[in-house]
Amino acid sequence: QSVRGVAEACRLAAGDATILSTLLDCRTLVGPDELRVRLAGRLGAMIRRAPRRHAEMLLAARREEAEKFGQTVALLEPNVKRSPGGLRDFQLVGWLGRVLHAAAAPDDIALAGGMSRDDAAAVRDAAEFLLRVRNDLHLAAAKPADDLTRDQQLRIAQARGIESTPGLLGVERFMKDYFGHTRRIVRVVEALERDVRRPHPVRAWAATALGHRVDGLFLVGPAAVAALPRDRRLPGAVRQARRPGRRAAEAPRHRRP
C-alpha cells in the first residue's frame, strides 16, 4: 500500500505502465468520489498530450509479461489470465481504448471508431467465457488458480457435459472453443497495436513533403523509407526497375569463350 497525492500519482504513471493501468481502472471504495474524479481528469489530460507514447508503454509491458507465459495462443496448458488472448489482453483492450479513444467498454470503443461492432461483440463474448473458466478454476482450487492444466481441462469438459464427437474428444471441443475466443482477443489487440504504430498525420505529411522518390517505387523521408502505394508509383517504374536484373541474367548468354 502507498499514499500518493493526485500530482504525484500522475507523475509516477507517466513512467510506469503498471501504475498507469492501475490508475486507469481505479475506483472509489469508500467516501466521496471527488478525489477519484480529480485524479481521472488529471490523468486524462496527461494522456491526451501523448496518447501514442502511453499506449506503446502499455503494449511494451504486456509483451514483457507475455514472454513469461508463452508467446502463442495454442499452449497445451494456458494461463487464463496472462497467456496470449487471456484476460490480461482483454484488460489491455480496455486500457488502449481509454488512452486512444477515451472509451473502455468494447461497444464504446467501437462507437469511437477503434474497432468494428463484430470485434466488440467477439471480445465481449470471449471475456465472458474466460471469466467463467477462471471462476471455475478458483472455486475448484479454493484459492487463486489461473493455470488451465490438462486435469482441469478434463474436469471442466465433463462438468459442462461436453460430449465427444467422431474424431474429437469432449475436452478437445472445449479447448477448441477456448482457443477460438483467445484468438479473437489477440486479433483485436493486434489491430489496436497497428493503430498505435500508424504514422501521425503530421509526420506522414512531412515525410511526403520533405521526402524524395527513388525509382518511382520508394519514398525516402527524413526518418524512414517506405514503399509507395501502387496508385502513387510512376508509370513504368516496376518495368524499369526490373530491367537491370534481367539484362544481368541474360548477359552470360552473349559472352564468348
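See the structure printed just above.
Residues numbered from 1 in each chain as written. Predicted model: local features only at pLDDT ≥ 70, side-chain atom pairs only at ≥ 80, totals over all residues. Heavy atoms only, no water.

(A) Broad picture of the overall build of the protein chain. Tallying secondary structure elements over the protein chain gives eleven helices and three strands in all. Walking the protein chain from its N terminus toward its C terminus, one meets helices and strands in the order α-α-α-α-α-α-α-α-α-α-β-β-β-α. Burial statistics for the protein chain: of 257 residues in total, 35% are counted as buried. Sequence-distant contacts in the protein chain: of pairs separated by 6 or more residues, those separated by 24 or more amount to 53%. As displayed, the protein chain has an accessible area near 16,600 Å², and 53% of this comes from carbon and sulfur atoms. (Helix = DSSP H or I, 4+ residues; strand = E, 2+ residues; numbered from the N terminus. Buried < 20%, exposed > 50% of the residue type's maximum accessible area, 1.4 Å probe, protein only. Contact = heavy atoms within 4.5 Å. Areas by Shrake-Rupley, 256 points an atom, 1.4 Å probe, with all protein chains shown as cover.)

(B) Just helix H2 (residues 17–24), in detail. Restricting attention to buried positions, one finds in H2 the residues Ala17, Leu20, Ser21, Leu23 and Leu24. Viewed along the axis of H2, the buried residues span an arc of 165°, placing them on a single side of the element. In this structure, the buried residues of H2 make contact with helix H1 (6–13), helix H3 (34–49), helix H4 (51–66) and helix H5 (87–101). Residue Asp16 occupies the N-cap position of H2, its side-chain oxygen lying 2.9 Å from the main-chain nitrogen of Thr18. (Arc of directions from axis to C-beta. Polar contact = N/O pair within 3.5 Å; in protein donor to acceptor, adjacent residues only side chain to side chain.)

(C) Representation of the packing of H1 against H2 within the structure. Across the interface, H1 lies against H2 with an axial gap of 7 Å and an inter-helix angle of 130°. Viewed along their axes, H1 and H2 adopt a mutual orientation that is oblique. Contact residues: H1 offers Ala9, Leu12 and Ala13, while H2 offers Ile19, Leu20 and Leu23. Tallied by class, residues from the contact of H1 with H2 come to six nonpolar, no polar and no charged. (Axes fitted to C-alpha atoms, helices over the stretch in contact; angles between N-to-C directions. Parallel < 35°, antiparallel > 145°, perpendicular 65-115°, else oblique. Nonpolar A, V, L, I, M, F, W, Y, C, P; charged D, E, K, R; others polar.)

(D) Structural view of the environment of Asp118. Its location among the elements puts Asp118 in helix H7 (residues 117–141). It is 9.5 Å that separates the C-alpha atoms of Asp118 and Asp107, two residues lying eleven residues apart in sequence.

(E) Local environment of the pattern of salt bridges. In total, this model carries 15 salt bridges according to the counting rule given. Residue Arg36 is joined to Asp33 by a salt bridge in which the shortest nitrogen-to-oxygen separation is 2.9 Å. A relative accessible area of 28% means that Arg36 is categorised as partly exposed. Taking the shortest distance from any N to any O, the salt bridge between Glu65 and Arg62 comes out at 3.1 Å. Placement of the pair is Glu65 and Arg62 together in helix H4, with a separation of three residues, close to one helical turn. In the salt-bridge network here, residues are joined through shared partners; they are Arg62, Glu65, Arg82, Arg88 and Asp89. (Salt bridge = Lys/Arg side-chain N within 4 Å of Asp/Glu carboxyl O.)

(F) Up close: the packing of aromatic side chains. Inspection of every chain in the model, using the stated rule, returns three aromatic pairs. For the ring pair Tyr178 and Phe179, a centre distance of 5.6 Å and an interplane angle of 80° mean the geometry is edge-to-face. This pair shows no difference in class: Tyr178 is buried, exactly as Phe179 is. Put simply, the rings of Phe129, Phe174, Tyr178 and Phe179 touch in pairs and so form one group of aromatic residues. Its guanidinium or amino end placed over the ring of Phe129, Arg160 lies 5.6 Å from that ring's centre, counting from NZ or CZ. (Phe/Tyr/Trp six-rings, centres within 6.5 Å; stacked < 30°, edge-to-face > 60°. Lys NZ or Arg CZ within 6 Å of the ring centre and 35° of its normal.)

Take it as geometry only, folks, not as evidence of what the structure does.
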